[in-house]
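Reading the structure
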Amino acid sequence: MLRKDDVKPRAYKQVDVFTTSPLQGNPLAVILEAEGLNEMQMLSLARWTNLSETTFVFKPTNPLADYQVRIFTPEKELPFAGHPTLGTAHALLEAGLVTKQPGVVMQECGVGLVAVNISPEGTLAFAAPAVTLRTLTAEEREQLMAAFQPAVIEADTIPVIADMGIRWLMVRMPSAQSCLTMRPDQAMIKKLQTDHQVDGVVIYGAYSSGEPADYEMRAFLVEWDKLVEDPVTGSANACLARLLKANNFPDGGSTAQGYQVRQGTRLHRDGRVSIRFIDGEPWVGGQSCTLITGWLNI
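These lines cover the structure that appears in this document, whether it is placed above or below. Everything numeric here is computed off the predicted structure, so don't read it as measured data.

Once that is clear, we can look at the packing of aromatic side chains. If you walk through the whole model with that rule in mind, you get 5 aromatic pairs. An angle of 90 degrees between the planes, with centres 5.7 Å apart, marks the rings of Phe56 and Phe72 as edge-to-face. With Phe56 in strand β3 (residues 54–58) and Phe72 in strand β4 (residues 67–72), the pair connects residues that are 16 residues apart, well separated along the chain. Each member of the pair, Phe56 as well as Phe72, carries the same accessibility label: buried. A network of ring pairs unites the aromatic residues Tyr215, Phe249, Tyr259 and Phe277 as a single cluster.

What follows is the structure, encoded as structure tokens:
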């Protein structure tokens, strides 16, 4: 608990990530001056904001980093997450951060250093961290198929568990439309999270024409005994980029250069994620806009 004498004003922003239009992306709370807060205070604040993630900015411990960030959900701390990475970088640059390397923000977090490129038009893109991919066994696939009934899973693509500090069960659907029409069940998602020890379940499907994007994605998790669909998920998109590369870009050679993902459609959002491959490595990009700027007294 904080005593009244311990309260101090801290710079605060609320940012909408992966969108150029307010209220269409994934919101993020950013405490730009978190020095002095302990883990319980940060977790309590994340519960109070009630957003998918809240970030806390500290002085870096690595001399190469511009800052250190700690990322909290209402339940726990995450070593890495995508939309908090871009949203925190956006908030700090807007607040006047001068980076050590021109055109690059270097973030220190639970998975180490993550570079964020700054494009001239304002798009930020983070280098996708390394990922560990594990394909499901035949028995696990049978259990997954049973759990997803009556939804149809793409038969030619084996689901995988992608571990990027945050762990996602990645399941391909036959098309973008089948991704949009799939109706998640809370008990099913919770069982998959528990059985596979993952943070959530991602489904994705390709558009045949490339419009309005190349892929549609949805991400589900059960948090505080409630089914949640994440509006736009940077880490899941980073995992998908690594997965598509590992599978030699099954949707055509053009995706090896880059592609677009739409997410949040069923939530009446219009999140847009841009993937670019530079020297064969995926960068996950998007724009952000700030909706709230002020002070948090804590």
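To continue, consider unusual backbone geometry. Phi at Trp224 takes a positive value of approximately 55 degrees, unusual for a residue other than glycine. Along the polypeptide, Trp224 turns up in the loop between β13 (215–223) and β14 (226–230). Phi angles above zero are rare outside glycine, and Phe249 is one such case at about 50 degrees. Locating Phe249 in the fold gives a position in the loop between α6 (234–246) and β15 (258–263).

The next subject is a nonpolar patch on the surface. A cluster of nonpolar side chains, namely Leu23, Leu291 and Ile292, defines an oily patch on the protein surface of about 280 Å² accessible area. Mapped onto the elements, Leu291 comes out in strand β18 (residues 288–297). Taking the relative accessible area as the measure of exposure, Leu291 reaches 41% and is therefore partly exposed.

This structure, assessed with the given rule, holds 13 salt bridges. Residue Glu94 is joined to Lys13 by a salt bridge in which the shortest nitrogen-to-oxygen separation is 2.9 Å. Highlighted residues: Glu94 in helix α2 (residues 82–94) and Lys13 in strand β1 (residues 9–17), separated in sequence by 81 residues. Accessibility expressed as a relative area gives 8% for Lys13, which makes it buried.

Where helix α3 (residues 138–148) meets helix α5 (residues 186–196), the closest approach of the two axes is 10 Å, and the angle between their N-to-C directions is 165 degrees. Taken together, the axes of α3 and α5 are roughly antiparallel relative to one another. The crossing of α3 and α5 is left-handed. Residues Glu140, Leu144, Ala147 and Phe148 of α3 form the contact with α5, whose own contacting residues are Met188, Leu192 and His196. Classifying every residue of the contact of α3 with α5 by side-chain character gives 5 nonpolar, 1 polar and 1 charged.

Among all positions of α3, only Glu140, Leu144 and Phe148 are buried. Buried residues of α3, viewed axially, fall in a sector of 70 degrees; they line one side. Exposed residues pointing more than 90 degrees away from the buried face of α3 are listed as Glu139, Glu142 and Ala146. The inward-facing, buried residues of α3 contact β9 (132–135), β11 (167–172), α5 and β12 (200–206).

Next up on the list: the pairing of β14. As defined by bridge partners, β13 adjoins β14 across 5 bridges and the pair is classed as antiparallel. Within the sheet, the bridge partner assigned to Ala219 lies in β14 and is Asp230. Here β13 folds back onto β14 in antiparallel fashion, the turn holding 2 residues, of which Trp224 has a positive phi close to 55 degrees.

Phe126, Trp168, Met170 and Tyr259 are the most contacted members of the largest nonpolar core, which totals 52 residues. Other than its neighbours up to four places away in sequence, Tyr259 contacts Asp214, Tyr215, Asn237, Leu240, Ala241, Leu244, Val273, Ser274, Ile275 and Phe277. Ranked by size, the runner-up nonpolar core spans 19 residues in total, among them Leu144, Val171, Met173 and Val201.

The next point concerns the side chain of His196. Take His196: it is sitting in helix α5. Exposure remark for His196: the relative accessible area of 7% places this residue in the buried category. Sequence-distant contacts of His196, that is, excluding residues within four places in its chain, are made with Leu136, Glu140, Ile161, Arg167 and Leu169.

Scoring rules and cut-offs
- Residues numbered from 1 in each chain as written.
- Predicted model: local features only at pLDDT ≥ 70, side-chain atom pairs only at ≥ 80, totals over all residues.
- Heavy atoms only, no water.
- Phe/Tyr/Trp six-rings, centres within 6.5 Å; stacked < 30°, edge-to-face > 60°.
- Helix = DSSP H or I, 4+ residues; strand = E, 2+ residues; numbered from the N terminus.
- Buried < 20%, exposed > 50% of the residue type's maximum accessible area, 1.4 Å probe, protein only.
- Patch = residues over 30% accessible without salt bridge, like charges linked within 9 Å, V, L, I, M, F, W, Y side chains within 5 Å.
- Areas by Shrake-Rupley, 256 points an atom, 1.4 Å probe, with all protein chains shown as cover.
- Salt bridge = Lys/Arg side-chain N within 4 Å of Asp/Glu carboxyl O.
- Axes fitted to C-alpha atoms, helices over the stretch in contact; angles between N-to-C directions.
- Parallel < 35°, antiparallel > 145°, perpendicular 65-115°, else oblique.
- Left-handed = near helix turned anticlockwise from the far one by under 90°.
- Contact = heavy atoms within 4.5 Å.
- Nonpolar A, V, L, I, M, F, W, Y, C, P; charged D, E, K, R; others polar.
- Arc of directions from axis to C-beta.
- Pairing = 2+ DSSP bridges.
- Core = buried A, V, L, I, M, F, W, Y, C linked by side-chain atoms within 4.5 Å.

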